[in-house]
Amino acid sequence: MCPVPGVDPAADGGGAPNWGERSVRDLVEHVLAVHHAGERACLGRLRGLAEEAVRRGAEAAPVLRKVAATLAQLTEELLAHMEREEQVLFPLLLEREAEGRIGAARWDRETELSRLHREHDHAGDLLEDLRILTRDYRIDGAGQEHLRPFYAALGELDADLQLHIELENRWLFSRAG
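Conventions and cut-offs
- Residues numbered from 1 in each chain as written.
- Predicted model: local features only at pLDDT ≥ 70, side-chain atom pairs only at ≥ 80, totals over all residues.
- Heavy atoms only, no water.
- Helix = DSSP H or I, 4+ residues; strand = E, 2+ residues; numbered from the N terminus.
- Contact = heavy atoms within 4.5 Å.
- Salt bridge = Lys/Arg side-chain N within 4 Å of Asp/Glu carboxyl O.
- Buried < 20%, exposed > 50% of the residue type's maximum accessible area, 1.4 Å probe, protein only.

*Asks:* Which parts of the structure should I look at to understand the side chain of T70?
*Replies:* With respect to the helices and strands, T70 occurs in helix α2 (residues 61–98). Excluding its chain neighbours within four sequence positions, the residues that come into contact with T70 are L126, D129, L130 and L133.

Dropping the structure here:
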């Protein structure tokens, strides 16, 4: 996972929670503390690793440039997406939960939720592109050891982002309307 020190991304206080029974506040706090914070840290680290991989990987430069470009696109889109969630969706859901009116949102929920789902789908597509370009984050042979930290971090981001998207799509967005 894209680790946040001292935080287990799959658990919350002693085991895997049943997110269907947890409050919106619990879900939002978990997403922010584990996934948004962890992915931001991971994306920042990956930027440097991508630059180093391209610089050191002359023999695989075309593929590595595609990996770096795909990662840059994912980073840009993911950061904008998380910002929208943090500034618009999460405060609205928390407000509605406090008022006892989850699902009674004052926004164009179908349009916004469709947009958020499309963005999740597109992030999944970009992750698939990264898996294909890197052969599932595997290095092949001598001369590529310098890619190990980069590919490991890409794999961590991939796994965490899949959990993040599942949590939001299945448990959080369903409460928005």
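Structure shown, so let's carry the discussion forward.
*Asks:* Would you explain the pattern of salt bridges in this entry?
*Replies:* Note that side chains of opposite charge can pair when their charged atoms are close. Under the definition given, this model contains 15 salt bridges. As a salt-bridge pair, R25 and E29 come within 3.9 Å of each other at their nearest N and O atoms. Of this pair, R25 and E29 both sit in helix α1 (residues 24–56), separated by 4 residues, roughly a single helical turn. For R25, a relative accessible area of 40% gives the class partly exposed. Across the pair E119 and R115 runs a salt bridge, and its minimum N-O distance is 3.2 Å. Linking E119 with R115, this pair stays in helix α3 (residues 109–134), spanning 4 residues, or about one helical turn. Through salt bridges with shared partners, one network takes in R84, R115 and E119.

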